[in-house]
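# A structural walkthrough
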Amino acid sequence: MKKFYITTPIYYVNDEPHIGHAYTTILADVLSRYHREAGDEVFFLTGTDEHGQKVSQAASERGVEPKKHCDEMVIRFQNMWKKLHIENDHFIRTTDKDHQEVVKEILQQIYDSGDIYFDEYTGLYCVGCERFYTEKELVDEKCPQHQESLKEIKETNYFFRMSKYQQQLIDYINEHPEFILPKTRRNEVLGFLRQPLGDLCISRPKSRLSWGIELPFDSDYVTYVWFDALLNYVSGIGAKKDDKQFAKWWPADYHLIGKDILTTHCVYWPTMLFAAGIPQPRTIFAHGWWLSDEFKMSKSLGNVIKPLDLIDRYGVDPVRYFLMRDMVLGQDSNFSPDGFALRYNSDLANDLGNLVGRISTLVRRHFDGKIPEPGEQSREETQLVESGSTLAVEAIELIHEMKMNDAVETVMEYVRSINRYMEKLMPWKLIKSDKAAAGTVLYHAAESLRIALQLLHPIMPVRTAKILGMIGASVTELKSPWGQLKSGSKLSEFEVPFPRIELNQKTKQAKE
Ligand code: MSP
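What comes next concerns the included structure. Small disclaimer: the values here were computed from a predicted structure and weren't measured.

Ile 10, Tyr 12, Thr 24, Asp 49 and Trp 290 are the nearest of the 23 residues found near the ligand. At 2.8 Å from a nitrogen atom of the ligand is found a main-chain nitrogen or oxygen belonging to Ile 10. Asp 15 is positioned with one of its side-chain polar atoms (N or O) 3.4 Å from an oxygen atom of the ligand. Starting from 670 Å² of accessible surface for the ligand in isolation, the protein chains cover 95%. Secondary-structure elements contributing two or more residues to the shell around the ligand are β2 (11-12), α1 (19-37), α7 (225-230) and α8 (232-235). Considering only residue class, the shell around the ligand consists of 11 nonpolar, nine polar and three charged.

Below, the structure written as structure tokens:
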């Protein structure tokens, strides 16, 4: 049995969950489910980032203690993930006692080995990013993420000798082509590493910020949030606490991140791991952004898409489907309500929904609601069986290459080929002259559809399970061989699986 350990970034507990957070988490969930359903042993970790200035500020604005503030805020993420059918194995909070102890232990270890030193520092700090910027990194003298002028801060602090590991990191990236993906991001990191790498300020004086993990070697300071947060990936699986559990899961197979947090994950994190003597994760994969009507979503632009609004309107599984189908992993994608509606209607309501409806209606009307006998296979059936047998292999290979949208499209193309098969053999006409032949067509259409649904199950776990019942089948393993659907098995009640969305006039015209 293979193991598969996947992580999402841990989200700032202050934020209200939006489509960007939901996307990374759904992607991790879908990949986890693919691996689980293929028989692998999976550990899927997500959680919240709860220390730092932003949290402390928000708590004081609300007039509550930071920990209480976090306890109240974290529920929004936890509830959202439940709603979105996320099956994570653990939810880590950086305020968890275990996590804090691991951070302290690793800090002490790095301090003892001489890679942490005390010094005075002047730097430009962005509260939004919770990090210092160098002049070179600024755009128009402003933070490139928040477009805000930065404050110069001068203070004594502890520093991590990140610069010491620059060459080791460059060599590691060059020797491990799978370490940072996609390739464009790998090149971006290598480009960044062409400039001399500075050391990393890893503390904040308590006089300025007290909400954080106290340094084990100086009680006047707390740990810098990123140094704290990144360690969740090892503390979440028992580092320094449970050697057996840690050895079982580490190294992570995938750290999924958005492209906005590339430097912290591909420079800070690997150098921290070098210093702590912990092996590197297998792959850090950076996906693009979801844009809203071509703009990056932000509170100030007022164009943030809230997953709740969408799932209340269209259901969870269609939203999961859309996000997996419409983003080319690594690139930015645009989200618009019309784009969603068009995709939903064409793929789910038409291609998938109509096929289920047709099969179910005919089987209920002419075969007493029970799957007919497969009968003799003609050329058309053989073709369907052949492409159905290779479908899982093709789709899974694409998923391993992180081409999720292509994998979905491959399955949907197969669904369309089942529709074409039905159109060609017309069981609704055949039934009048040759009931057995019509039964053969319906059996093969239903069995092919079952194979396709099984492959869509990790993406739409609830709807596909329901539809499988409507064609007399149930959820099995991912690569289930042809012929699992049993003749005589009873269909469950039919319900339109994906009711059409009425498009507004403007969208209709654009489509025509
Ligand atoms: N707390 C840090 C991460 C620490 S990990 C050790 C953080 N948190 S965050 O709440 O800002 O979430 C960042 C992640 O949310 C991004 O990396 C990305 O995965 C996701 N997204 C946020 N906005 C996004 C879009 N508009 N589109 C897609 N994903 C984006 O950074």
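Turning our attention to the sheet that holds strand β6 (residues 131-133). Strand order across the open sheet formed by four strands is β6-β5-β7-β9, with antiparallel pairing between neighbours. What marks the edges here is a single partner per strand, and that holds for β6 and β9 (200-201). As paired elements, strand β5 (residues 116-126) and β6 share three bridges and run antiparallel to each other. When the bridges of β6 are listed, Tyr 125 appears paired with Phe 132.

By the definition in use, this model includes 35 aromatic pairs. Ring centres 6.4 Å apart and planes at 85° place the aromatic pair Trp 250 and Trp 269 in the edge-to-face group. Of this pair, Trp 250 sits in the loop between α9 (243-249) and β13 (254-258) while Trp 269 sits in helix α10 (residues 262-276), and the two are 19 residues apart along the sequence. On the numbers, 4.7 Å between centres and 35° between planes, the contact of Tyr 314 with Phe 340 is tilted. In this pair, Tyr 314 sits in helix α11 (residues 307-314) while Phe 340 sits in helix α13 (residues 337-366), placing the two residues 26 residues apart along the sequence. By the burial criterion, Tyr 314 is buried, and Phe 340 matches it. Members of the aromatic cluster, each reached through a chain of ring pairs, are Tyr 23, Trp 290, Tyr 314, Phe 322, Phe 335, Phe 340, Tyr 344 and Phe 498. When the ring centre of Phe 367 is taken as reference, the NZ or CZ atom of Lys 435 above it lies at 5.0 Å.

Cut-offs and rules
Residue numbers here run from 1 along each chain, matching the order of that chain's written sequence. With the structure being a predicted model, the display of local features is reserved for residues of pLDDT at least 70 and the display and counting of side-chain atom pairs for 80 or more, all residues being used for whole-chain, interface and lining totals. Side-chain metrics in this entry use all non-hydrogen atoms of the structure; hydrogen atoms and water are not considered. The near set for a molecule or strand comprises every residue that places at least one heavy atom within 4 Å of it. Polar contacts here mean pairs of N or O atoms no more than 3.5 Å apart (in protein, one a potential hydrogen donor and the other a potential acceptor; neighbouring residues in sequence count only if both atoms are side-chain atoms). Residue-level accessible areas treat just the shown protein chains as cover; the underlying method is Shrake-Rupley with a 1.4 Å probe. Comment: elements are numbered from the N terminus, with helices defined as DSSP H or I runs of at least four residues and strands as E runs of at least two. Under this grouping Gly is polar, as are all residues other than the nonpolar Ala, Val, Leu, Ile, Met, Phe, Trp, Tyr, Cys and Pro and the charged Asp, Glu, Lys and Arg. The pairing criterion for strands is at least two bridges between them, as found by DSSP. Put simply, two rings from Phe, Tyr or Trp (the six-membered ring, in Trp's case) pair if the centres are within 6.5 Å, and we call them stacked under 30 degrees between planes, edge-to-face over 60, tilted for the rest. Each residue's exposure class comes from its accessible area (1.4 Å probe, protein chains only) as a fraction of the maximum for that residue type: buried when under 20%, exposed when over 50%, partly exposed otherwise. Charge-over-ring contacts are defined here by two conditions on Lys NZ or Arg CZ: a distance within 6 Å of the ring centre and an angle within 35 degrees of the ring normal.

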